[in-house]
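Reading the structure
Take a look at the letters that make up each chain.
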Amino acid sequence: MTTTATTLKGQPLDKAALESLLRRRMFYTPSFEIYGGVSGLYDYGPPGCALQANIIDIWRKHFILEEDMLEVDCTALTPHEVLKTSGHVDKFADWMCKDPKNGEILRADHFVEDVLESRLKGDKEARGQKVEEKEEDPKKKKKKSKGHEAVKLDDAVVQEYEEVLAQIDNYNGEQLGELIKKYDLRNPATGEQPSPPVAFNLMFQTSIGPSSNLPGYLRPETAQGQFLNFAKLLEFNTGQMPFASASIGKSYRNEISPRAGLLRVREFLMAEIEHFVDPEGHKKHHRFHEVEDIELDFLDRHTQLSGKTTVTRTSIGQAVRSGMVDNETLGYFLARIHLFLKKIGIDQKKIRFRQHMANEMAHYACDCWDAELLTSGGWVECVGCADRSAYDLSVHAKKTGAPLIVRQRLDEPKVIEEWAVEIEKKKFGPFFKKDGKTVEAAILATSQEERGKLAKELEENGKAIVNVPSVGDGKVEVSKDLLAVKWQKRVENIREYTPNVIEPSFGIGRILYALMEHNYWTRASEGGDEARGVLSFPPAVAPTKVLIVPLSSHKDFTPTVRKLSQKLRSAGISSRVDDSSASIGKRYSRNDELGTPFGVTVDFQTVKDATITLRERDSTRQVRAEEDKIIEAIKALVEGTKTWQDIESELPIFEGQQEVEVTVR
């Protein structure tokens, strides 16, 4: 849902100004733009690449290093058979509908959401309430206006629309079609009602090899490669459980109608974790006590199904104890996700954890929570944390026969009493002929209760009836000379089980965009006649850490600038020199837009006593000291061991250099 977005400082967010800044400074740009571009595809420029690399670096340290995970890098090209087995070929789809007049393809849930939101805006306008308008392309404004008229709705209708929007992700295709008809929803561009929704598989299909005999897909997620390597990873981990694998790489989804820039794209970077855990231990986590007091904002499925979006703030420990979050391992990762987002600079007032409802749950999940971030496009899923149970390992093992299991030696042997099946192989095959394997599989698949009944039938009648749906009428008679069912004891020294999987999955592009919105704000220029954009990235993620500004192009400054730049590089701190003829104020302003947290000025005083000034981006305050002390301060600030307040208390405040827009010659 759309929302009234604000900047880091609480100002109304001018999204058009932010988008202009991001493209002008080349954080990202539409791919193939000189050819007209392709919807849903974007290229990152230098600052965008650096920002993404820094986010990934922190992610690796926060998860892979901290949790001792096993990183893998798997191929994006995936054979059809793998994704058929995983369920993606049949179930990885969104609902789409088509405008009968102009042929426009619409994603059904987005269409319903957009039209109902437009009507609610019209109702607010009719009631005299202020309505925030999105910035639209002037060419599209006329079309858009058809769907937004100031019409007052009955209070009951407003409530009904809000309830539909609260659970928009829970509707299937048939239900979305019913909503379109019930509320007579029409495409604002044509005034036509679209066709009934149909499922559209989101995977990009291809063929592998010159003969095209091996159909395949570009992977929609990195997870399958991790599951298929499970046995090797378990061996690498010396058979120890639990453990986690992790993968960072591109994934591909053929989105029906990409929109909202980086928030919905067709090629994107994912960082995914598969934490393998023994289900018998109730999915406990040995470090849960470290995070159980962390408070999060939860939007559970029951609240959504009641038509509300009110969050409950509670500790992760209480959420697990109450059963709202299913288990400790799932809860542990929700808390760790929260801490990661906090570390990279996501606004803590703009995070919530929303539980999936039944219809929106992925085919493999038994519980799932999304970390949603509030943006100008509303609440956007940026991280999913799903309990995939044993689904993936089970289906791949069944398909291939590969033992994707854990073998655990028991401390004490386990005595098991059970009904055991004995099949007389020499007679069984010739008797059932082509149906032999099918009947045998059906017998071996019987439960202990069913085997007890078979034993009784064989004892009393000398034969038993076995349910085999694919043979004859589904009932097969088996005599006791072909089959025996006996009660027996056995001693088990090894326990075999299929692990369950908890999967945190991060959409890096969405996080990156939300981070830019959350850290954007504007301040007045020196003359107060224009607002200048600032991106207040934390030093750890900022694309460039330091701007080096020589007061002028005077030759005396060159050796100092080169030496300073080299020292910063040696310390692993990215820096940039701006020796243009623009004023110091303008040079700093340009780099405030790039999110550069610190600036160093080299002036004539530097030539005399080797001191330099250090400027902090957000406050524009400065300190002055010897070069080595300033570099030491920058290093501490970037590593997060000191704050700017610490630096101001340690080094002399400098107020002599004003950021005036006068070119120094």
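Computed from a predicted model, the values in this text were never measured in an experiment.

Some details on the overall build of the chain
- The secondary structure content of the chain amounts to 23 helices and 29 strands.
- Principal axes of the C-alpha set define a box for the chain whose edges measure 110 × 65 × 55 Å.
- Of all 665 residues assigned to the chain, the portion counted as buried reaches 50%.
- Taking as baseline every contact in the chain between residues at least 6 positions apart, the subset at least 24 positions apart corresponds to 69%.
- Taken as a whole, the chain presents about 33100 Å² of accessible surface, with 49% of it coming from carbon and sulfur.
- Charge-centre separation for the chain: the mean point of 94 positive side chains lies 3 Å from the mean point of 104 negative side chains.

Concerning the pairing of strand β16 (residues 378-389)
- Of all the 12 residues making up β16, 9 are buried; the element is thus mostly covered by neighbouring parts of the structure.
- Here strand β15 (residues 367-375) pairs with β16 via 9 bridges, running antiparallel. Its bridge partner being in β16, L374 is matched across the sheet by W379.
- Where β15 folds back onto β16 in an antiparallel hairpin, the turn is made up of 2 residues.
- By the bridge criterion, 6 bridges tie β16 to strand β21 (residues 500-507) in an arrangement that is antiparallel. What sits directly across from G384, in β21, is S505.

Remarks on the sheet that holds strand β9 (residues 214-218)
- Read across the sheet, 3 strands follow the order β4-β9-β8 without closing on themselves; strand pairing throughout is antiparallel. Two strands lie at the open edges of the sheet, namely β4 (77-79) and β8 (205-208), each paired on one side alone. Neighbour to neighbour, the strand axes of the sheet diverge by 45° on average, direction disregarded.

What to know about the nonpolar core
- Among the nonpolar cores identified, the biggest contains 67 residues, and F27, W59, F298, F340, L341, F506 and M516 are the most heavily contacted of them.
- Counting residues per element, this core draws most heavily on helix α13 (residues 328-344), which supplies 9 residues.
- In this structure, L341 is in contact with I346, Q348, I351, A371, L373 and I511, ignoring residues within four places of it in sequence.
- Within the second largest apolar cluster, 28 residues are counted, among which are I548, I573, A633 and I647.

A closer look at a nonpolar patch on the surface
- On the surface, F32, I34, Y35 and V38 cluster together into a nonpolar patch covering about 550 Å² of accessible area.
- Along the chain, F32 falls in the loop between β1 (28-30) and β2 (42-44).

A look at the pattern of salt bridges
- Going through the model one piece at a time under the given rule, you end up with 56 salt bridges.
- Residues R352 and E372 are paired through a salt bridge, measuring 2.7 Å at the closest nitrogen-oxygen approach. Note that R352 is positioned in strand β14 (residues 351-355) and E372 in strand β15, a separation of 20 residues in sequence.
- Notably, a salt bridge pairs K567 with E627, separated by 2.9 Å at the nearest N-O pair. Remark: E627 occurs in helix α22 (residues 627-639) and K567 occurs in helix α19 (residues 558-570); sequence separation between them is 60 residues.
- Several salt bridges share partner residues, and in doing so they unite E66, E67, R287, E290 and R336 into one network.

Examining the pairing of β14
- Burial within β14 is extensive, with 5 of its 5 residues counted as buried.
- Along β14, one buried face is formed by I351, F353 and Q355 and the opposite face, lined by R352 and R354, is buried too.
- Two strands pair when backbone bridges link them, and strand β12 (residues 295-299) and β14 are joined in this way by 2 bridges, in the parallel orientation. The partner of F298 across the bridge, within β14, is F353.
- In the sheet, β14 pairs with β15 via 5 bridges, with the strands oriented antiparallel. Counted as the bridge partner of Q355 is W369 from β15.

A short note on the state of the cysteines
- Here the structure, examined in full by the defined rule, presents 0 disulfides.
- For C74, which is in no disulfide, the shortest distance to another cysteine sulfur is to C385 and amounts to 20 Å.
- For C385, which is in no disulfide, the shortest distance to another cysteine sulfur is to C368 and amounts to 7.3 Å.

Details of helix α14 (residues 391-400)
- Listing the buried residues of α14 in full gives D392, L393, H396 and A397. Each buried residue of α14 sits inside an arc of 120° when the element is viewed along its axis, so together they form one side.
- On its buried side, α14 packs onto α3 (80-86), α9 (223-228), α10 (230-236), β11 (267-277) and β16.
- The positive-phi residue at the C-terminal boundary of α14 is G401, with phi of around 80°.

Topic: the sheet that holds strand β6 (residues 105-107)
- Read across the sheet, 3 strands follow the order β6-β5-β7 without closing on themselves; strand pairing throughout is antiparallel. This sheet does not close on itself; its edge strands, each paired only once, are β6 and β7 (198-201). Pairwise comparison of adjacent strand axes, ignoring direction, gives a mean angle of 50° for this sheet.
- Pairing of strand β5 (residues 93-98) with β7 involves 4 bridges; the strand directions are antiparallel. Across the sheet, D94 pairs through a bridge with F200, a residue of β7.
- On top of the sheet, helix α5 (residues 108-126) reaches β5 and β6; it is set at about 80° to β6, its chief contact.

Here we look at the environment of T75
- Mapped onto the elements of the fold, T75 is located in the loop between β3 (70-71) and β4.
- Classification of T75 by relative accessible area gives exposed; the value is 55%.
- Counting along the chain gives 434 residues from T75 to G509, while the straight-line C-alpha distance between them is 20 Å.
- Engagement of the side chain of T75 in a polar contact is seen with the backbone nitrogen of L77, the distance being 3.2 Å.

Some points on the packing of α5 against helix α7 (residues 155-166)
- Where α5 contacts α7, the axes come no closer than 10 Å and their chain directions differ by 145°. Classified by chirality, the crossing of α7 by α5 is left-handed. Taking contact as the criterion, the partners of E113, L116, E117, R119, L120 and D123 in α5 are, on α7, V158, Y161, E162, V164 and L165.
- Split into classes, the residues belonging to the contact of α5 with α7 amount to 6 nonpolar, no polar and 5 charged.

Rules of the game
Residues numbered from 1 in each chain as written. Predicted model: local features only at pLDDT ≥ 70, side-chain atom pairs only at ≥ 80, totals over all residues. Heavy atoms only, no water. Helix = DSSP H or I, 4+ residues; strand = E, 2+ residues; numbered from the N terminus. Buried < 20%, exposed > 50% of the residue type's maximum accessible area, 1.4 Å probe, protein only. Contact = heavy atoms within 4.5 Å. Areas by Shrake-Rupley, 256 points an atom, 1.4 Å probe, with all protein chains shown as cover. Lys, Arg positive; Asp, Glu negative; His and termini not counted. Charge placed at Lys NZ, Arg CZ, Asp CG, Glu CD. Pairing = 2+ DSSP bridges. Axes fitted to C-alpha atoms, helices over the stretch in contact; angles between N-to-C directions. Core = buried A, V, L, I, M, F, W, Y, C linked by side-chain atoms within 4.5 Å. Patch = residues over 30% accessible without salt bridge, like charges linked within 9 Å, V, L, I, M, F, W, Y side chains within 5 Å. Salt bridge = Lys/Arg side-chain N within 4 Å of Asp/Glu carboxyl O. Disulfide = S-S within 2.5 Å. Arc of directions from axis to C-beta. Polar contact = N/O pair within 3.5 Å; in protein donor to acceptor, adjacent residues only side chain to side chain. Left-handed = near helix turned anticlockwise from the far one by under 90°. Nonpolar A, V, L, I, M, F, W, Y, C, P; charged D, E, K, R; others polar.

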